[in-house]
Amino acid sequence: MNILLTGATGKVGRHVTEGVLARGHRVRALSRTPGAAALPAGVEVVRGDLEEPRTLPAALEGIDRMYLFPVPGTAHEVAALARKAGVRHIVVLSSSSVLEDEGNPSHQHHRTVERAVEDSGADWTFVRPDEFAGNVLWKWGESIRTEGVVRTPYGGAARALVHEADIAAVIVAALLEEGHAGEQYLVTGPRALTQIEQVRTLAEAIGREIRFEELSRAAGREAMSRVMPPPVVEMLLDYLAESVVTPGPVTDAVRRVTGREARTFASWAAEHAGLFNADRADRADSGSSAG
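This section reports on the structure supplied with the text. This structure is a prediction, so every number in the text was calculated from the model and none was measured.

Thoughts on the pairing of strand β7 (residues 149–153)
With four of five residues buried, β7 is to be regarded as a mostly interior element. In terms of strand pairing, β7 meets strand β11 (residues 211–215) through five bridges, oriented parallel. Bridge pairing in β11 links Val149 to Arg211.

If you want it as structure tokens, here you go:
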């Protein structure tokens, strides 16, 4: 089976690459800059860009199944090209936000890609993770490293943060095994933790105190607006406020699809503890949904 992976250098995509390789399948990875991809030996890295569909036909040649990172602007053209090239099954990295209000920018972003793949005529599987565990790096990493503090509104907001390796494990199963066509997997961690509990878990992992300071909504808006556009800020504030009243969902998708339990946030924190130390700041990840 020949597999094409897009977003192969992202937080989820690297785990997908390793998982497909480990099961003995041929892997072709799409990259804007193949020389800088730093993917494992045995991966065929080819130049291509989802935002430039004209670069894709050669990468799609001979491909049976495809992992698609969500790029809505060109999604219809990309999916049509994949189907024309003979791709039979497309597994999409989507988001739990498609289950929320259609006015949500994240809903619009990911649902556009899902519709494009549905329209292509290929078999599809939608993997819809809830909040990535790795989001705590871009949200809080700098203030933890430099001040030992987390400042955020809605400390009681609770979500079941999902380990990126678990998202990838579900994607790998959907790519390589039969029986996943037409499935929509809402992927979460095993337990919803409040933001205060998340900070406490990180403190235990790194072995030093992290002070939690709860901001008002207005102060949170001001802080977030320095790095995010207003519609995204309001979306995130509403998301947090709702998660105080109704904690995020907890599903058994990881166990059902992979046969093992989902990893805990504590396990993620232990694996990444070094990234919260001041001397490791250059290693910290950024962004919330890289593939």
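Structure's up, so let's keep going.
Describing the nonpolar core
One broad trend across soluble globular proteins is that nonpolar side chains are buried collectively. In terms of nonpolar packing, the biggest core is built from 32 residues, with Val16, Ile167, Ile171, Leu175 and Val187 touching the most fellow members. Elements with a contribution of two residues or more to this core: β1 (2–5), α1 (13–22), β2 (26–31), β5 (89–93), α6 (164–176), β9 (184–187) and α10 (253–258). When residues in this core are grouped by element, the largest group, nine residues, is from α6. In contact with Ile171, other than residues within four places in its own chain, are Val12, Val16, Tyr67, Val91, Leu93 and Val127. In terms of nonpolar packing, the next biggest core, distinct from the first, is built from 24 residues, Leu30, Met66, Val78 and Ile90 among them.

Quick look at the packing of helix α8 (residues 217–224) against helix α9 (residues 230–245)
Orientation of α8 relative to α9, taken along the N-to-C sense of each, is 140°, at an axis distance of 10 Å. One element, α8, and the other, α9, form an angle in the oblique class. As for the relative orientation of α8 and α9, their crossing is right-handed in sense. Between α8 and α9, the residues in contact are Arg217, Arg221 and Met224 and Val233, Glu234, Leu236, Leu237, Asp238 and Ala241, respectively. Of the residues that constitute the contact of α8 with α9, the class distribution is five nonpolar, no polar and four charged.

Focus on the pattern of salt bridges
According to the stated counting rule, one finds 24 salt bridges in the structure shown. One salt bridge in this structure joins Arg221 and Glu234, with 2.6 Å as the shortest N-O distance. Here the residue Arg221 occupies a position in helix α8, and Glu234 occupies one in helix α9, the gap between them amounting to 13 residues. Accessibility expressed as a relative area gives 30% for Arg221, which makes it partly exposed. When the shortest N-O distance is used, the salt bridge between Arg255 and Asp252 registers 2.7 Å. Judged by its relative accessible area of 33%, Asp252 is partly exposed. By sharing partners, the salt bridges in this structure join Arg111, Glu114, Glu118 and Arg128 into a single network.

Focus on a negative patch on the surface
Where like charges cluster on the molecular surface, the negative patch consists of Glu100, Asp101, Glu102 and Glu242. Mapping Glu242 onto the fold places it in helix α9.

Basis of the calculations
Residues numbered from 1 in each chain as written. Predicted model: local features only at pLDDT ≥ 70, side-chain atom pairs only at ≥ 80, totals over all residues. Heavy atoms only, no water. Buried < 20%, exposed > 50% of the residue type's maximum accessible area, 1.4 Å probe, protein only. Helix = DSSP H or I, 4+ residues; strand = E, 2+ residues; numbered from the N terminus. Pairing = 2+ DSSP bridges. Core = buried A, V, L, I, M, F, W, Y, C linked by side-chain atoms within 4.5 Å. Contact = heavy atoms within 4.5 Å. Axes fitted to C-alpha atoms, helices over the stretch in contact; angles between N-to-C directions. Parallel < 35°, antiparallel > 145°, perpendicular 65-115°, else oblique. Left-handed = near helix turned anticlockwise from the far one by under 90°. Nonpolar A, V, L, I, M, F, W, Y, C, P; charged D, E, K, R; others polar. Salt bridge = Lys/Arg side-chain N within 4 Å of Asp/Glu carboxyl O. Patch = residues over 30% accessible without salt bridge, like charges linked within 9 Å, V, L, I, M, F, W, Y side chains within 5 Å. Areas by Shrake-Rupley, 256 points an atom, 1.4 Å probe, with all protein chains shown as cover. Lys, Arg positive; Asp, Glu negative; His and termini not counted. Charge placed at Lys NZ, Arg CZ, Asp CG, Glu CD.

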